[in-house]
Amino acid sequence: MAISPTAQIKSGASPDAGPEVGSSIRVEIFADAVAQDMAIAHLFVRLAQEAVVRRGRFTVALSGGSTPKGLYALLATDRHFRASVPWSKTEFFFGDERPVPPDHAESNYGMVKAAMFAQLPAGLVHVHRISGERPDPGEAAARYEADLRDFFGPHGLMEAGFPRFDLILLGLGLDGHTASLFPDSPALRESERWVVANRVDRLNCSRITLTFPVLNNAREVVLLAGGTAKAAIVAAVLGQDAAASIYPVQRVKLTNGTKRWMLDRAAAAQLGAGEIAAHTTTPEAAENTG
Ligand code: 6PG
């Protein structure tokens, strides 16, 4: 395997404050966004194929924002990935949505549709969209939770009373938010509901978002961050003194699964030089990350 050793940090030793039982954290750093997207695409395909073999389908919650757009396009347009994803057995969900219609420029669904779904034959993929256009975001959240319950329950894909996604893709905001779990917002304290309308004063709106109990119940979570602008928050969350900070993303603590930070070199720029050298990979090595 060409990739240089990846720092797999077993529970208890994580730079993320707080223990994680039966879980592991991996920090993978890639030379650039191309290598990062390739590595995540290979991982996506591997997890999808394994899930279909073991459970007959693959359940994935997609991240919004700009960082994953290239990944979505790669999965749907690259000949190898397009042929390898078990599209008809994949159930696409969303980690969060903005309070806008699906054709709005701010819509996470709209972004994924343009980058991925619209590149595929109509009717091939199963998409569970969050209806951000509803005037009452609380109702949109309740309907999405009902959609999740109607799917995960009957298919036996629940654990400890919550849905167990095969994969959840999450981004990282400059303030340390992930999905739409923002600092000082009410959803940070949610421990029962699967989906909530989260009031974000800074944005003067309510975003619809999966909650921490659902995120932390996943088999795999990929936290992706790229670009120089993210270097400071990545260092704050992953750097040595991270124990002191309580960014929302640090509450992603899987009860029984693998959390992977998949970063490009620019986003990892403020992490220790030794760490970067140990985890940097080249596009060729990314090929072998599957
Ligand atoms: C959203 C996302 C959000 C996003 C971060 C990072 O709806 O905006 O779910 O959590 O991942 O804000 O966004 P960028 O990738 O655009 O930096």
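(A) Structural detail: the pairing of strand β2 (residues 24-30). By the criterion of burial, β2 is predominantly enclosed, with six of the seven residues buried. In this sheet, strand β13 (residues 258-264) lies alongside β2 in parallel orientation, the contact comprising seven bridges. Residue Ser24 lies in a different strand from β13, and its bridge partner there is Thr258.

(B) A look at the site of the ligand. Around the ligand, 15 residues are found, and the nearest of them are Ser66, Thr67, Arg98, Ala179 and Lys230. Within the side chain of Arg98, a nitrogen or oxygen atom sits 2.6 Å from an oxygen atom of the ligand. When the ligand sits alone it has 420 Å² of accessible area, and the protein chains cover 87% of it. Along the lines of polarity and charge, the residues of the shell around the ligand split into two nonpolar, nine polar and four charged.

(C) Inspection of the pairing of strand β10 (residues 195-200) at higher detail. Where β10 and strand β11 (residues 205-210) come together, six bridges link them in antiparallel fashion. Following the sheet pairing, Asn198 is matched in β11 by Arg207. Between the end of β10 and the start of β11, which pair antiparallel, lie four residues, with Asn204 showing a positive phi angle near 50 degrees.

(D) Representation of the sheet that holds β10. Spatially, the three strands line up as an open sheet ordered β5-β11-β10, and their pairing is antiparallel. The sheet terminates laterally at β5 (96-97) and β10, the two strands that pair on one side only. With two bridges connecting them, β5 and β11 associate as antiparallel partners. The residue of β11 that forms the bridge with Glu97 is Ile208.

(E) Spatial organisation of the packing of helix α2 (residues 69-77) against helix α4 (residues 108-115). At a minimum axis separation of 8 Å, α2 and α4 run at an interaxial angle of 35 degrees. By crossing handedness, the relation of α2 to α4 is classed as right-handed. Together, Lys69, Tyr72, Ala73 and Ala76 of α2 and Met111, Val112 and Ala115 of α4 make up the contact between the two elements. The class makeup of the residues in the contact of α2 with α4 is six nonpolar, no polar and one charged.

(F) Broad picture of the environment of Val100. As for its placement among the helices and strands, Val100 is situated in the loop between β5 and α4. Val100 gets classed as buried once you look at its relative accessible area, which sits at 12%. Dropping the residues within four chain positions of it, Val100 is found in contact with Glu106, Ser107, Gly132 and Glu133.

(G) The arrangement of the nonpolar core in detail. In terms of nonpolar packing, the biggest core is built from 86 residues, with Met116, Phe165, Trp261 and Leu263 touching the most fellow members. Among the elements that make up this core, the one with the highest residue count is helix α1 (residues 33-55) (12 residues). When neighbours within four sequence positions are excluded, Met116 is seen to be in contact with Leu62, Tyr72, Leu75, Ala76, Trp87 and Phe92.

What counts and what doesn't
- Residues numbered from 1 in each chain as written.
- Predicted model: local features only at pLDDT ≥ 70, side-chain atom pairs only at ≥ 80, totals over all residues.
- Heavy atoms only, no water.
- Buried < 20%, exposed > 50% of the residue type's maximum accessible area, 1.4 Å probe, protein only.
- Helix = DSSP H or I, 4+ residues; strand = E, 2+ residues; numbered from the N terminus.
- Pairing = 2+ DSSP bridges.
- Near = heavy atom within 4 Å.
- Polar contact = N/O pair within 3.5 Å; in protein donor to acceptor, adjacent residues only side chain to side chain.
- Areas by Shrake-Rupley, 256 points an atom, 1.4 Å probe, with all protein chains shown as cover.
- Nonpolar A, V, L, I, M, F, W, Y, C, P; charged D, E, K, R; others polar.
- Axes fitted to C-alpha atoms, helices over the stretch in contact; angles between N-to-C directions.
- Left-handed = near helix turned anticlockwise from the far one by under 90°.
- Contact = heavy atoms within 4.5 Å.
- Core = buried A, V, L, I, M, F, W, Y, C linked by side-chain atoms within 4.5 Å.

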